[in-house]
Structure formats: structure tokens, C-alpha cells
Amino acid sequence: MAALGWLTPRRRSATARSVLAGEASAEAARKSVPESVPESVPEREPEFPVLGDDKAAAFFDLDNTVMQGAALFHFGRGLYKRKFFETRDLVRFAWQQAWFRLAGVEDPEHMQEARDSALSIVKGHRVSELKSLGEEIYDEYMAERIWPGTRALAQAHLDAGQKVWLVTAAPVEIAQVIARRLGLTGALGTVAESVDGVYTGKLVGEPLHGPAKAEAVRALAIAEGLDLSRCAAYSDSHNDIPMLSLVGHPYAINPDSKLRKHARKLEWRLRDYRTGRKAAKVGIPAAAGVGAVAGGTAAAIALHRRRR
């Protein structure tokens, strides 16, 4: 499996687009953080996270790690409710997303077509508009889907005086809304190009997925002066093995079967906050290959059909 080549940083070299996507996401994340950092709560007792270790930080995947289901799925529901999409867009995006899931391969030409289609729906819209919608949609669909166990892990790092970042393929503007609502430091996400506050319909680099996530974490660590061997990372997906392998404290949270097997082999810590069927069915997977707002389209059209 390709993921096994990612056991150590740079074992498999990232593409130039992955590096560009990672660096752009790190820059966007740092710009969004206020200069004044809230005071930490110096009362946490465990040896990890280490109290007062300012060279350490924590990086959390979002979908099925912090939140039940995919952020793009929930965001797509909110946009569809607000008639942001036309029905023909939903049909096209749903078909493309289904192709990725059924084919099980990432054909570059097909992925580019899907990304272009997804980005076309935000082209011409203002960045501020998506941020405002993200605030509303978080309250409607996301707030009640945060895993309490993962939230407690993030809080432990905050209480130890460490910064905590979300790292996700979701649009960075949406990721930043979620991070702020959870009281986290900030977020690394997919960066869509904008000029004068208006989306151009292009990405900067590629979706923040797989190797690009690792590049974003690496770039942020350099900018923040972090020691990755003292940092922690949390994810549910084997796609995030590159990111998990960067840090000294990797955690598998609600892991898929491939990540669970990999984590047990390397004796990584595991946490599973699902029970019964929830542990077998991880929820709605994120459309990381699309990497833009189309993540919820398949679910949205299904919801539309059920309502008719």
C-alpha cells in the first residue's frame, strides 16, 4: 500500500503541488490567529501533554476525528438549504463523488475535472460570504456532532499551554470557523484562490489531503519554531499516515481498518469513541479528492429525494 511508504518524513517525496498546498495552508492558518494568545490553564497533571512545553503543539484531523461525519457533507447540506446549488450541479457532483468511491483510484484527469466543477460553484462569490454562511451552518449541523472524547483531548493540550490546530481538506475558511467555535488556536485547510476577496475558481496547489497535510504541518512547525518530536497528531484515516508519522505522539482516533492495523503494528495510541454499529460504519466519508465545497452534494441530493 502506498501509505506504507510514508512511515517517515520525506520517504516518499511530495509533489510540488502538495508542498504549495501545505505552505499556503500554513500561511493562511497563521494569518487567522490573533496576536494575543489566551492564557493557558496550568492545572493539568498528566505527563503528556507536558505542561508549559511551548515547543509542542497538537494537530487534529477534522472529519470523523473531531466531528462525526464530514465537514463538507454538513456544509453542503447548509448550502443546498440556502439554494446555493442548482439541481444540475448536485447531480453532476454526486456522480463524480460516487465515481471516486466506486473506482477506488485517483485518476488525475478525472480528479481535476471534479475539482474544477466543485470550484465553479464558489467562483465569483466573496470569501466573507462563505465565512458568514459557515457560522450559521456550524450552529445548524455541526455543533452537536463534535466527539466529546476528542474535544477533551484537544482541551488537555490547551490546558497545558500548547497550541491546537485543525488540519483538514475542507476549505480553510470553514475550518477556521470550526476551530474558533471550539476554542482552538486555528486551522489548516484547503486554500481556494481569491482576488480582492472574491473566489477565482482555482485552488492554491491542491486539496489539503494526504501528503499535503504533512507538508502543511511541517511548514507551520518551522514557522512556529515547534519540535515535531514533541508534538501530537490525531486522525481516523490511513490517508493521514504521512501527518501522523511526522510527530512524536501519533494517535489513531476512531480509526479505519487500515489505520488501526498500522497503529497496532507501530504501537501508536488508539482511542475509539464510537460504539456498536458506529464503530463499523464511520459515517459519511469526506470527498477529499474533490477538496472543495462539493463534499456534501451526494448526501444533499439524497436528502432532497427523501423530502419529495
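Note that the structure is predicted; figures quoted are calculated from it, not measured. (Residues numbered from 1 in each chain as written. Predicted model: local features only at pLDDT ≥ 70, side-chain atom pairs only at ≥ 80, totals over all residues. Heavy atoms only, no water.)

### Regarding the overall build of the protein
Rules: Numbered from the N terminus, helices here are DSSP runs of H or I no shorter than four residues, and strands are runs of E no shorter than two. Classification of residues uses two cut-offs on accessible area relative to the type maximum, computed with a 1.4 Å probe and protein chains only: under 20% is buried, over 50% is exposed, and between them is partly exposed. Between two residues, a contact is recorded if the distance between any of their heavy atoms is within 4.5 Å. To be clear on the numbers: accessible area is Shrake-Rupley with a 1.4 Å probe, and residue cover counts the displayed protein chains and nothing else.
When its secondary structure is counted, the protein shows 12 helices and 8 strands. The burial tally for the protein puts 53% of its 308 residues in the buried class. For the protein, restricting intrachain contacts to residue pairs at least 6 apart in sequence, the fraction spanning at least 24 positions comes to 70%. By element, 51% of the accessible surface of the protein is carried by carbon and sulfur atoms, the whole surface being about 14,500 Å².

### Some remarks on the confidence of the model for the protein
Formally: Confidence scores here are pLDDT values: one per residue, from the predictor, ranging 0 to 100.
Taken over all residues, the pLDDT of the protein has a mean of 77, while the share at 70 or more is 68%. No element of the protein has a lower mean pLDDT than helix 12 (residues 297-307), which averages 36, and none a higher one than strand 6 (residues 232-235), which averages 98. Considering only residues more than four positions removed or in separate chains, one finds that residues 37-46, a stretch of pLDDT under 50, has 12 contacts. Residue range residues 277-308 is modelled with pLDDT below 50. Its contacts to residues more than four positions away, or to other chains, number 67 contacts.

### Topic: the side chain of threonine 65
In plain terms, the rule: In the analysis that follows, any N or O atom pair within 3.5 Å is treated as a polar contact, provided that within protein one partner can donate a hydrogen and the other can accept it, and provided that, for residues neighboring in sequence, both atoms belong to side chains.
Structurally, the position occupied by threonine 65 is in the loop between strand 1 (57-61) and helix 2 (71-81). Relative accessible area serves as the criterion here: at 0%, threonine 65 is assigned to the buried category. Here the side chain of threonine 65 touches aspartate 236 through a polar contact of 3.0 Å, landing on its backbone nitrogen. Setting aside residues no more than four positions away along its own chain, threonine 65 makes contact with Trp147, Thr150, Tyr234, Ser235, Asp236, Ile253 and Asn254.

### Quick look at the environment of aspartate 139
Position of aspartate 139 relative to the elements: it lies in helix 5 (residues 127-142). Looking at aspartate 139, the relative accessible area reads 48%, which means it is partly exposed. Taking C-alpha positions, aspartate 139 is 9.5 Å from arginine 181, a pair spaced 42 residues apart along the chain.

### A look at the pattern of salt bridges
For clarity, the cut-off: The rule for a salt bridge is simple: a side-chain nitrogen of Lys or Arg has to be within 4 Å of a carboxyl oxygen of Asp or Glu.
Here the structure, examined in full by the defined rule, presents 14 salt bridges. A salt bridge links lysine 81 to glutamate 140, with the shortest nitrogen-to-oxygen separation between them at 3.7 Å. Here glutamate 140 lies in helix 5 and lysine 81 lies in helix 2, a separation of 59 residues in the sequence. Given a relative accessible area of 36%, glutamate 140 falls into the partly exposed group. Salt-bridge contacts for arginine 230 lead to aspartate 227; the nearest nitrogen and oxygen are separated by 3.6 Å. Each of the salt bridges in this network shares a partner with another, and the network as a whole consists of Lys81, Arg82, Glu136 and Glu140.

### A short note on the sheet that holds strand 7 (residues 249-253)
Cut-off, in case you're wondering: When DSSP finds two or more bridges between a pair of strands, those strands are recorded as paired. Axis lines are fitted to C-alpha atoms, over the contacting stretch for helices. Their N-to-C directions set the angle, which ranges from 0 to 180 degrees.
Strands sit in the order 3-2-1-6-7-8 across an open sheet of 6 strands; the sheet is parallel. Looking at the sheet topology across the chains shown, the edges are occupied by strand 3 (186-190) and strand 8 (269-271). Geometrically, the sheet is characterised by an average inter-axis angle of 20° between neighbouring strands, direction not taken into account. Pairing between strand 1 and strand 2 (residues 163-171): 5 bridges, direction parallel. The partner of alanine 57 across the bridge, within strand 2, is lysine 163. Docked against the sheet, helix 6 (residues 148-159) engages strand 1, strand 2, strand 6 and strand 7, running at close to 160° with respect to strand 1.

### So, helix 10 (residues 257-266)
Every α-helix winds through 3.6 residues per turn, so residues three or four apart in the chain are directed the same way. The cut-off we apply is this: Picture the helix axis, draw a direction to every C-beta atom, and the arc is the one those directions span.
Along helix 10, the residues that are buried comprise Leu259, His262 and Ala263. Projected onto a plane normal to the axis of helix 10, the buried residues spread over an arc of 100° and lie on a single side. Within helix 10, the exposed residues directed more than 90 degrees away from the buried face are Ser257, Lys261, Arg264 and Lys265. Considering only its buried residues, helix 10 is in contact with strand 6, helix 9 (241-244), strand 7 and strand 8.

### A few points about the packing of helix 5 against helix 7 (residues 172-181)
Spelled out, the test is: Note on terminology: angles under 35 degrees are roughly parallel, angles over 145 are roughly antiparallel, angles of 65 to 115 are roughly perpendicular, and the others are oblique. In this scheme, a crossing is called left-handed if the near helix is turned counterclockwise away from the far one by less than a right angle; it is called right-handed if the turn is clockwise. Gly is put with the polar residues, along with every residue not named as nonpolar or charged; the nonpolar set is Ala, Val, Leu, Ile, Met, Phe, Trp, Tyr, Cys and Pro, and the charged set is Asp, Glu, Lys and Arg.
It is at 9 Å that the axes of helix 5 and helix 7 come closest, and there the two elements cross at 50°. For the element pair helix 5 / helix 7, the angle class is oblique. Crossing handedness for the pair helix 5 and helix 7: right-handed. Note on element contacts: helix 7 touches helix 5 through Glu173, Ile174, Gln176, Val177, Ile178, Arg180 and Arg181, opposite Val127, Leu130, Lys131, Gly134, Glu135, Tyr138, Asp139 and Met142. Here the contact of helix 5 with helix 7 is composed, by residue class, of 7 nonpolar, 2 polar and 6 charged.

### Looking at the nonpolar core
Using the following cut-off: Here the nonpolar core consists of buried residues drawn from Ala, Val, Leu, Ile, Met, Phe, Trp, Tyr and Cys, with membership extended through side-chain atoms lying within 4.5 Å.
Within the largest apolar cluster, 45 residues are counted, with the highest numbers of intra-cluster contacts made by Phe60, Met142, Leu166, Ile178, Leu184 and Tyr234. Here this core gets 7 residues from one element, more than from any other, and that element is helix 5. Excluding its chain neighbours within four sequence positions, the residues that come into contact with methionine 142 are Met67, Ala71, His74, Phe75, Ile137, Ile174 and Ile178. Counting 28 residues, the second largest nonpolar core, distinct from the first, contains Ala216, Val217, Leu226 and Ile241.

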